[in-house]
Amino acid sequence: MLQNVITVLNTHANCLTNMKNFLIYFITISIFAIACNNNSTMHNTADTTVKTDSSIDTSLIPLPKNFQTTIDGKQTNLYILKNGKMQVSVTNYGARIVSIIVPDKNGNPTDVAVGYDAVEPYTKGGDTYFGAIVGRYGNRIAKGKFTLNSKQYTLATNNGPNSLHGGTKGFSRKVWDAQQISDSSVMLSYISGDGEEGYPGTLNVQVTYTVASNNKLKIDYAATTDKPTVLNLTNHCYFNLNGQGSGTINKHLVMINADKYTPVDSTLIPTGKFESVKATPFDFTKPSTIAAHVNDSTNQQIKFGKGYDHNFVLNTKGDPSVKAAEVIGDASGIVMNVYTTQPGLQFYGGNFMDGSHTIKQNKKDNYRTAFCMETQHYPDSPNQHNFPSTELKPGQQFASTTIYAFSVK
Ligand code: GAL
């Protein structure tokens, strides 16, 4: 009996100690939260600490009011993401990156992404896909046709005989729903209806842009479908690491971690072969300038691409901790490292840029003044059965991540 009374008293004492510990923990957390809230230049988010550097030249950032309008009955806007010395702006029209500002080797803020300073030019004809998320199938599908589970699907042919970047009105021309999650992150969502642009299944897709610490831009893709479909999502940002509109990218130094690439026919559809880059203009396993072989007219692949416009088979095998590519701006010293979970990288050297568009800071999109590093599956995968599959089935959760990490040399 006495033993039972002692046990009950001990239990009460333990409860009181636990409650006291909980109260101390609760008060400490509350004080910490209030302190963080009161400090407007710093707060914690799920995966990153946001510090905004007051020395950033905000005049490089386009004005949000130039992006605020209604398109297809939906509100468009500009979302500004900040972390330390890096700032990125994104519009929900096409889920596009509009600007990426990072310091150069002298600490000067430099906008390395080609874009417009208002939403209106993005909506005009002849899409260049500046900064856009392209889909449902980024890159080309031969003759705009593919067969899935014995059924043939027909897409718009908007690039010679082929379908390119999702068709006539792909994801680059849709108004996405946007939710700014924090100072450094925005999530964009889009529901692509069953049959939209000829693709089967209702696709629910999210793209989250996060400016992480150490000047990194992380892009997370997620998607689900209610019927089997094909999917190849990528970002089509045009980079010039010396600053957008500052001249050609010919002297940029490029490294691509790929021993093989997928050669193409004259319409840029892969032949289905994996060819070694050794002793070809496609050997970027050691850093090389773009200029070194971009005009090598003795190489048929360079002729077909009008320069570089090819898919590289990454050695990284979907491991985002291994570098997929590195590019260095010769004048700025800005380095961009690319990491991705995707198996391929389309290196496009701006061969179709022709100076016909006025980009930010009143510059022109002149020939080869920017390049794209589009992390993705190989082109025309739905018709190429030796390529990794791009099919997404109901019940599966598609997820992929790409990081563009900036530094200086
Ligand atoms: C690239 C494609 C190029 C060109 C460009 C847009 O992704 O590989 O051939 O179409 O987009 O001008």
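This is a predicted model, so every value here is computed, not measured.

## As for the overall build of the chain
Right, on to step 1. Helix and strand counts for the chain stand at 2 helices and 32 strands.
Right, on to step 2. Partitioning the intrachain contacts of the chain with sequence separation of at least 6 by distance along the chain shows that 67% fall at a separation of at least 24.

## Examining the site of the ligand
Right, on to step 1. Neighbouring the ligand are Thr-128, Tyr-129, Leu-164, Leu-268, Asp-309, Gln-346, Tyr-348, Phe-352, Cys-372 and Glu-374.
Right, on to step 2. Within the residue set of the shell around the ligand, elements represented by two or more residues are strand E27 (344–348) and strand E30 (372–376).
Right, on to step 3. Among the residues making up the shell around the ligand, the classes are represented as 6 nonpolar, 2 polar and 2 charged.

## As for the sheet that holds strand E22 (residues 275–276)
Right, on to step 1. Here we have 5 strands laid out as an open sheet, ordered E22-E21-E24-E27-E30, and antiparallel in their pairing. Two strands bound the open sheet, and with one partner strand each, they are E22 and E30.

## Side note on the sheet that holds strand E7 (residues 96–103)
Right, on to step 1. A sheet is described by the order of its strands in space; here 4 strands give the open sequence E5-E6-E7-E8, paired in antiparallel fashion. Both edges of this open sheet fall to strand E5 (78–83) and strand E8 (109–111), since each of them pairs with a single strand only. On average, each strand axis in the sheet is tilted by 20° relative to the strand beside it, whichever way the strands run.
Right, on to step 2. The sheet contact formed by strand E6 (residues 86–91) and E7 spans 5 bridges and is antiparallel. Along E7, the bridge assignment pairs Val-88 with Ile-100.

## Considerations on the environment of Gly-201
Right, on to step 1. If you trace the backbone, Gly-201 turns up in the loop between strand E15 (185–192) and strand E16 (203–212).
Right, on to step 2. On the basis of neighbour count, Gly-201 is assigned to the buried category, with 23 C-beta atoms found within 10 Å.
Right, on to step 3. Gly-201 sits 26 residues away from Lys-227 along the chain, and the two C-alpha atoms are 4.4 Å apart.

## Focus: the nonpolar core
Right, on to step 1. In terms of nonpolar packing, the biggest core is built from 90 residues, with Val-88, Tyr-238, Phe-239, Leu-345 and Phe-371 touching the most fellow members.
Right, on to step 2. For this core, the leading source of residues is E16, giving 6 residues.
Right, on to step 3. In contact with Leu-345, not counting residues within four places along its chain, are Ile-256, Ala-258, Asn-311, Phe-312, Leu-314, Ala-324, Ala-325, Met-373, Glu-374 and Thr-375.

## A few points about the environment of Thr-154
Right, on to step 1. With respect to the helices and strands, Thr-154 occurs in strand E12 (residues 151–154).
Right, on to step 2. Using a count of 11 C-beta atoms within 10 Å as the deciding quantity, one classes Thr-154 as exposed.
Right, on to step 3. Separated by 11 residues in sequence, Thr-154 and Lys-143 place their C-alpha atoms 8.6 Å apart.
Right, on to step 4. In this structure, Thr-154 is in contact with Gly-144, Lys-145 and Gly-198, ignoring residues within four places of it in sequence.

## Overview of unusual backbone geometry
Right, on to step 1. For the bond running from Gly-135 to Arg-136, omega is 5°, close enough to zero to count as cis.
Right, on to step 2. Relative to the elements of secondary structure, Arg-136 occurs in the loop between strand E9 (133–134) and strand E10 (140–141).
Right, on to step 3. In this structure, Glu-197 takes a positive phi of about 55° despite not being glycine.
Right, on to step 4. With respect to the helices and strands, the residue Glu-197 is situated in the loop between E15 and E16.
Right, on to step 5. A tally of 21 C-beta atoms within 10 Å means that Glu-197 is categorised as buried.
Right, on to step 6. Even without being a glycine, Lys-317 presents a positive backbone phi close to 50°.
Right, on to step 7. Along the chain, the position of Lys-317 falls in the loop between strand E24 (309–313) and strand E25 (325–328).
Right, on to step 8. Residue classification places Lys-317 among the exposed residues on the basis of 9 C-beta atoms within 10 Å.

## Observations regarding the pairing of E25
In summary, the side chains of a regular strand alternate between the two faces of the sheet.
Right, on to step 1. Alternating positions in E25 separate into two faces, Ala-325 and Val-327 on one and Glu-326 and Ile-328 on the other, with burial throughout.
Right, on to step 2. Where strand E20 (residues 253–256) meets E25, 4 bridges bridge the pair, whose relative direction is antiparallel. In the sheet register, Ile-256 faces E25, and the bridge partner there is Ala-325.
Right, on to step 3. Where E25 and strand E26 (residues 334–340) come together, 4 bridges link them in antiparallel fashion. Bridging across to E26, Ala-325 finds its partner in Val-338.
Right, on to step 4. In sequence, E25 turns back onto E26 through a hairpin of 5 residues, with Gly-333 there showing a positive phi of about 75°.

## Notes on the confidence of the model for the chain
Right, on to step 1. The pLDDT averaged across the chain works out to 90; a share of 86% of its residues lies at or above 70.
Right, on to step 2. Confidence over residues 1–47 falls short of pLDDT 50; this stretch has 14 contacts with residues more than four positions distant or in other chains.

## Digging into the environment of Thr-267
Right, on to step 1. Position of Thr-267 among the secondary structure elements: in the loop between strand E21 (260–262) and E22.
Right, on to step 2. Taking the number of C-beta atoms within 10 Å as the measure of exposure, Thr-267 has 13 and is therefore partly exposed.
Right, on to step 3. Sequence-wise, Thr-267 and Phe-304 are 37 residues apart; in three dimensions their C-alpha atoms are separated by 7.4 Å.
Right, on to step 4. Excluding residues within four positions of it along the chain, Thr-267 makes contact with Gly-160, Pro-161 and Asn-162.

Parameters and conventions
- Note on numbering: residues in each chain are counted from 1, in written sequence order.
- At least 70 in pLDDT is required for a residue's local features to be given in this predicted model, at least 80 for side-chain atom pairs to be given and counted, and no such filter applies to totals for whole chains, interfaces and linings, which use all residues.
- Helix and strand assignments come from DSSP, with helices taken as H or I runs of at least 4 residues and strands as E runs of at least 2, each series counted from the N terminus.
- For every residue pair, C-beta atoms are placed from the backbone, and the pair is scored as a contact if these atoms sit within 7 Å.
- Only the C-beta atom matters for this test: placed from the backbone, it must lie within 6 Å of a molecule or strand for the residue to be near it.
- Residues were grouped as follows: Ala, Val, Leu, Ile, Met, Phe, Trp, Tyr, Cys and Pro as nonpolar; Asp, Glu, Lys and Arg as charged; and all remaining residues, including Gly, as polar.
- Strand pairing is defined by DSSP finding a minimum of two bridges between the two strands.
- Fitted lines through C-alpha atoms serve as axes, helices being fitted only where they are in contact, and the angles separating the N-to-C directions of these axes extend from 0 to 180 degrees.
- With C-beta atoms placed from the backbone, a residue counts as buried when 20 or more other C-beta atoms lie within 10 Å of its own, as exposed when 12 or fewer do, and as partly exposed for counts between those limits.
- As used here, a nonpolar core is made of buried Ala, Val, Leu, Ile, Met, Phe, Trp, Tyr and Cys residues. They are joined through C-beta atoms within 7 Å.
- Think of pLDDT as the predictor's per-residue confidence, scored from 0 to 100.

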